[in-house]
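An overview of the molecular structure
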Amino acid sequence: MDWLARFFGQPSSRYRNFQLVFLFFTLNFIFPSLSYAVSPDTAYAGFLKVGAFLWSAPYPKAEDSYFWRFLGASNVFCLGAMCLFLQIDLKRYYPILPSLLILKAGTSLQFLVHFAFVLHHPSFLVIGLYDALTCAGFVWFARSAHRDGEARGWKGLVPAPRSSRGAA
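Reading the values: rules and limits
- Residues numbered from 1 in each chain as written.
- Predicted model: local features only at pLDDT ≥ 70, side-chain atom pairs only at ≥ 80, totals over all residues.
- Heavy atoms only, no water.
- Helix = DSSP H or I, 4+ residues; strand = E, 2+ residues; numbered from the N terminus.
- Buried < 20%, exposed > 50% of the residue type's maximum accessible area, 1.4 Å probe, protein only.
- Phe/Tyr/Trp six-rings, centres within 6.5 Å; stacked < 30°, edge-to-face > 60°.

1. Thoughts on unusual backbone geometry
Of note, the bond from Val 158 into Pro 159 is cis; its omega dihedral lies within 30 degrees of zero at -5 degrees. Turning to its location among the elements, Pro 159 is positioned in the segment after α7 (122-151). The backbone of Trp 154 sits at a positive phi, close to 60 degrees, despite the residue not being glycine. Mapped onto the elements of the fold, Trp 154 is located in the segment after α7. You can call Trp 154 buried: its relative accessible area is 6%.

Below, the structure written as structure tokens:
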């Protein structure tokens, strides 16, 4: 409990907020990636429910491909791992932020372009916009926490970046 009190009472609200938001991002990628690999019907049903909730739009494709499912699961798991690395040590792993952003922004752009020019299924729009918002969150929270960490010399942060632990 002492750690939790130190976490919420730490001097850097930006670093604390980064940790909380990136915990959400990490879990938001890791758990679905496992679902894509072992229960693709669950993900597909969710995709169709989003479309049906917004407006009834038929989806003309059957999503039954091991090839794309495995690639998608690996891609999303990679996003989760990158978020976790940033959480563990923002100081050391900050240079992966552009790769994280490119990977997710590419996905967002594909969904939005597909919605605009190919198939006006509402799920494509929702996912594209959600992914764009996620990209903005990556940049906002990681950059502001990194700037604050640099300004503080990475001292007093909870959890302390691993590369800063034991440093004088």
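After that view of the structure, there is still more to cover.
2. Here's the deal with the packing of aromatic side chains
In the structure shown here, the tally under the stated rule is 18 aromatic pairs. Taken together, a centroid distance of 4.9 Å and an interplanar angle of 70 degrees make the contact between Phe 47 and Tyr 59 edge-to-face. Taken together, the positions of Phe 47 in helix α3 (residues 40-54) and Tyr 59 in the loop between α3 and α4 (66-88) put the pair twelve residues apart, joining distant regions of the chain. The residues Phe 47 and Tyr 59 share a single accessibility class, namely buried. Relative to Phe 124, the ring of Tyr 59 has its centre 6.0 Å away and its plane inclined at 45 degrees; by these criteria the two rings are tilted. Of this pair, Tyr 59 sits in the loop between α3 and α4 while Phe 124 sits in helix α7, and the two are 65 residues apart along the sequence. Using a relative accessible area of 17% as the deciding quantity, one classes Tyr 59 as buried. Taken together, the aromatic side chains of Tyr 15, Phe 18, Phe 22, Phe 24, Phe 25, Phe 29 and Phe 138 make up a single cluster linked through ring pairs.

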